[in-house]
Amino acid sequence: MEIARLGQIIVPEYPANGKGYRAYYTGTNLVEMRVTEHLASFGIPQKRIQRFIEDLRKSRYQWLDLDIGRDGWVVLDSTGRWSGGQSVAEALTALEIKLPVVSAVMIDLRPIKKAIRDNIDNNTIEGELA
């Protein structure tokens, strides 16, 4: 049910090909869903979350990628700007170049990615998904 709800915001990597087919979500999609949940819990509108996730997808640092992407912090400020960094200070410094940050939502990607990796590892048998 949670995947269906978040699927309205996060487009699966491999969409279903008609009735009776399943959509397939990648590890990156799962990270996107967790970030979406955190942002929504702060009352951030769905359209803004979609733009934020799209910007992060296009990022050259691949912040959302589960396997090769960076583990660090992503910050969304009250004006809709975002930044990423290995620390909160690094992420905020990049945002404050043009305007001071008055308020922001900061998300630590490390525990999100770790929880997803652990869940995948716990549901994997000898390298094959159960």
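Placed above this text is the structure.
Keep in mind that this is a model prediction, so the values were computed, not measured.

Conventions adopted
- Residues numbered from 1 in each chain as written.
- Predicted model: local features only at pLDDT ≥ 70, side-chain atom pairs only at ≥ 80, totals over all residues.
- Heavy atoms only, no water.
- Core = buried A, V, L, I, M, F, W, Y, C linked by side-chain atoms within 4.5 Å.
- Buried < 20%, exposed > 50% of the residue type's maximum accessible area, 1.4 Å probe, protein only.
- Contact = heavy atoms within 4.5 Å.
- Salt bridge = Lys/Arg side-chain N within 4 Å of Asp/Glu carboxyl O.
- Helix = DSSP H or I, 4+ residues; strand = E, 2+ residues; numbered from the N terminus.

## Overview of the nonpolar core
Among soluble globular proteins, nonpolar side chains are generally buried collectively.
And step 1. Residues Val31, Val35, Leu39, Phe52, Ile107 and Leu109 are the most contacted members of the largest nonpolar core, which totals 22 residues.
And step 2. Ignoring any residue separated from it by four or fewer positions in sequence, one finds leucine 109 in contact with Val31, Val35, Trp63, Arg70, Gly72 and Val74.

## Points about the pattern of salt bridges
And step 1. Applying the stated criterion to the full structure yields nine salt bridges.
And step 2. Between glutamate 54 and lysine 58 there is a salt bridge, with its nearest N and O atoms 4.0 Å apart. Of this pair, glutamate 54 and lysine 58 both sit in helix H3 (residues 46-58), four residues apart, roughly one helical turn.
And step 3. Residue class for glutamate 54 comes out partly exposed when judged on its relative accessible area of 31%.
And step 4. Look at lysine 58 and you get exposed, because its relative accessible area is 63%.
And step 5. With a shortest N-O distance of 3.4 Å, aspartate 71 and arginine 117 are connected by a salt bridge. Here the residue aspartate 71 occupies a position in the loop between H3 and strand E1 (73-77), and arginine 117 occupies one in helix H5 (residues 109-122), the gap between them amounting to 46 residues.
And step 6. On the basis of relative accessibility, which here comes to 26%, the residue arginine 117 falls in the partly exposed class.
And step 7. Connected through salt bridges with shared partners, the residues Glu32, Glu54, Arg57 and Lys58 form a single ionic network.

## Some remarks on the environment of leucine 39
And step 1. The residue leucine 39 is located in helix H2 (residues 27-41) in this model.
And step 2. A residue is classified by how much of its surface remains accessible, and leucine 39, at 0% relative accessible area, is buried.
And step 3. With 66 residues separating them in the primary sequence, leucine 39 and valine 105 have C-alpha atoms 7.5 Å apart.
And step 4. Those residues in contact with leucine 39, other than ones at most four positions away along the chain, are Ile44, Ile49, Phe52, Leu76, Val105 and Ile107.

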